[in-house]
Amino acid sequence: MRKPLVAALFALVITGAGAAPAVAAPHPEAAVRNVTRAATRADTTAVTRATSPTLQAVTLAGTVALSNCSGSVVRFPTSLDTAPALVLTNGHCLESGFPEPGEVIVNQASSRTFGLLNSAGTRVATLRASKVAYSTMTDTDATIYQLTSSYAAIRNAYGISALTVQDTHPAAGTAITVASGYWQRLYNCSIDGFVYRMKEGDWTWKDSVRYTSACNTIGGTSGSPVVDQATGKVVAVNNTGNEDGASCTENNPCEVDASGKVTVRKGINYAQETYLFPACFTTGNVLDLSALGCALPKP
């Protein structure tokens, strides 16, 4: 979660520079910790790619740029090619605003658009949502949009396949890439560990992923897929970081262990696991929160 007021100004600048077309977003995510980083993002992207020889399984193909966030076209292990495709991003990237603590939104109409990127980060298409299938900031921070196009239609038209969401818990030490469609940038690091509870403002998330310090993600990267470099599968969705060293405030999440001890790690960034989602969708990508094994928060 990032500072929305700076984001509103910054979104106006980058819209003129060929970013995704603006879509109404009451809580823009495009704030950056240091606005001057925008001027050098092309250089840092080149350095990231040049110094990361382990990226053979990870590119920007299948990522998307939202008006205020990043995201990706995803499928589950049993999703049919003919099923309507899905886009994964954060709950706090929802165009209608941040879901309240305890709020779960399902099957809400949406016509939001997404800029689809190829492996080089070039925008090749505009995809459109038909609805918000699922969105919450309770226990996790995720939104899943259902699109008007199927996986097969997207692949046949643009040669781009969806990223597959892993259906098992990720492991500490896994080499990962955070792939930002908004910035067309890859961040490479490892999973440092897992956080029993993470608190930010009014929200609490469970079993969050903590990155090693090399993933210095910035505003606009929220909603980026976190990809296992060895398998190419999505293991989490990037969502926040402690910017100022404050404790448990917005933009400054804190870690809480099982005994209630609070730890603050300034400059460290985090993601929310995604392995729970496959059990809650049918092969046709219909949400079924009553399905056996579905443990997502319910309305």
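Predicted model only: the values in this text are computed from it and were never measured.

A. The arrangement of the overall build of the protein in detail. A count of helical and extended segments in the protein gives three helices and 16 strands. Residues counted as buried form 54% of the 299 residues belonging to the protein. The long-range fraction of contacts in the protein, counting pairs at least 24 apart against all pairs at least 6 apart in sequence, stands at 69%. Within the structure as shown, the protein displays about 11400 Å² of accessible surface, and the carbon and sulfur contribution to it stands at 55%.

B. Expanded view of the environment of Y187. Residue position: Y187 is located in strand 10 (residues 185–200). According to the relative accessible area criterion, Y187 is buried, its value standing at 2%. Between the alpha carbons of Y187 and T217 there is a distance of 7.1 Å; along the sequence they are 30 residues apart. Only 3.3 Å separates the side chain of Y187 from the side chain of R185, close enough to count as a polar contact.

C. Examining the nonpolar core more closely. One finds V73, F114, L116, I144, L147, F277 and F281 to be the most contacted residues of the largest nonpolar core, which totals 44 residues. Counting residues per element, the ones that place at least two in this core are strand 2 (70–75), strand 3 (84–89), strand 4 (104–109), strand 5 (113–117), strand 6 (123–136), strand 7 (142–150), helix 3 (151–158) and strand 13 (234–241). In terms of nonpolar packing, the next biggest core, distinct from the first, is built from 15 residues, I176, W183, V235 and A236 among them.

D. Quick look at the state of the cysteines. Overall, the coordinates contain four disulfides when judged by the stated rule. Residue pairing for C189: its cysteine sulfur links by disulfide to C215, the two sulfurs lying 2.1 Å apart. Across the S-S bond linking C189 and C215, the dihedral sits near -95 degrees, which makes this disulfide left-handed. Here the residue C189 occupies a position in strand 10, and C215 occupies one in the loop between strand 11 (203–211) and strand 12 (225–228), the gap between them amounting to 26 residues. Residue C189 shares its accessibility class with C215, and that shared class is buried.

E. Examining the packing of aromatic side chains more closely. Counted under the stated rule, the structure contains five aromatic pairs. Taken together, a centroid distance of 5.0 Å and an interplanar angle of 40 degrees make the contact between F76 and F281 tilted. Here F76, found in the loop between strand 2 and strand 3, pairs with F281, found in the segment after strand 16 (269–273); they are 205 residues apart in sequence, far enough to count as distant. Judged by its relative accessible area of 2%, F76 is buried. When the ring of Y182 is compared with that of W183, the centres are 5.2 Å apart and the planes differ by 75 degrees; the resulting orientation is edge-to-face. The residues Y182 and W183 share a single accessibility class, namely buried.

F. Structural view of the pattern of salt bridges. The final tally for this structure, using the stated rule, is seven salt bridges. Residue D81 is joined to R75 by a salt bridge in which the shortest nitrogen-to-oxygen separation is 2.9 Å. Residue R75 is classed as buried on the basis of its relative accessible area of 14%. E255 serves as the salt-bridge partner of R265, at 2.8 Å between the closest nitrogen and oxygen. Within this pair, whereas R265 is found in the loop between strand 15 (262–263) and strand 16, its partner E255 is found in strand 14 (residues 254–256), the two being separated by ten residues in sequence. Classification of R265 by relative accessible area gives partly exposed; the value is 32%. What makes E255 buried here is its relative accessible area of 7%. What you see here is one network of salt bridges that share partners, running through D192, R210, E255 and R265.

Quick notes on the rules
- Residues numbered from 1 in each chain as written.
- Predicted model: local features only at pLDDT ≥ 70, side-chain atom pairs only at ≥ 80, totals over all residues.
- Heavy atoms only, no water.
- Helix = DSSP H or I, 4+ residues; strand = E, 2+ residues; numbered from the N terminus.
- Buried < 20%, exposed > 50% of the residue type's maximum accessible area, 1.4 Å probe, protein only.
- Contact = heavy atoms within 4.5 Å.
- Areas by Shrake-Rupley, 256 points an atom, 1.4 Å probe, with all protein chains shown as cover.
- Polar contact = N/O pair within 3.5 Å; in protein donor to acceptor, adjacent residues only side chain to side chain.
- Core = buried A, V, L, I, M, F, W, Y, C linked by side-chain atoms within 4.5 Å.
- Disulfide = S-S within 2.5 Å.
- Phe/Tyr/Trp six-rings, centres within 6.5 Å; stacked < 30°, edge-to-face > 60°.
- Salt bridge = Lys/Arg side-chain N within 4 Å of Asp/Glu carboxyl O.

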